[in-house]
Amino acid sequence: MSFFSFFVGEKNKTANVAKERLQIILAHERSGRNAAEPDYLPALQRELIAVISKYVKIDPADIKVNLERQDDLEVLEVKIELPDQR
């Protein structure tokens, strides 16, 4: 295993774990409550801040998590403003 593949493999593993967590959260939300503002969004935002902060210095205000619902469609929107790397 090369040095590069070690880090690329770790990113893929982290991305898959994050994807699975989002799928579980969305499935739970769809099957359960019909609240206008789901209670998991603040926790999701805190977890995103914690994970991204491991790699990039970021202001917590630069991460926004929003869930929009229209009829039978739900869209989870995550906006992350990364700092310039100059």
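Residues numbered from 1 in each chain as written. Predicted model: local features only at pLDDT ≥ 70, side-chain atom pairs only at ≥ 80, totals over all residues. Heavy atoms only, no water.

1. Digging into the pairing of strand 2 (residues 73-80)
- Pairing of strand 1 (residues 63-70) with strand 2, which is carried by 8 bridges, proceeds in the antiparallel orientation. Within the sheet, the bridge partner assigned to Leu67 lies in strand 2 and is Leu76.
- Joining the antiparallel neighbours strand 1 and strand 2 is a turn of 2 residues, in which Asp71 adopts a positive phi near 55°. (Pairing = 2+ DSSP bridges. Helix = DSSP H or I, 4+ residues; strand = E, 2+ residues; numbered from the N terminus.)

2. Some remarks on the nonpolar core
- Formed by Leu26, Tyr40, Leu41, Leu44, Ile49, Ile52, Ile58, Ile63, Val65 and Leu67, the largest nonpolar core amounts to 10 residues.
- Elements represented by at least two residues in this core include exactly helix 2 (41-53) and strand 1.
- A total of 4 residues in this core trace back to one element, the largest contributor, which is helix 2.
- Once residues within four sequence positions are removed from consideration, Leu44 is found in contact with Leu22, Ile25, Val65 and Leu76. (Core = buried A, V, L, I, M, F, W, Y, C linked by side-chain atoms within 4.5 Å. Buried < 20%, exposed > 50% of the residue type's maximum accessible area, 1.4 Å probe, protein only. Contact = heavy atoms within 4.5 Å.)

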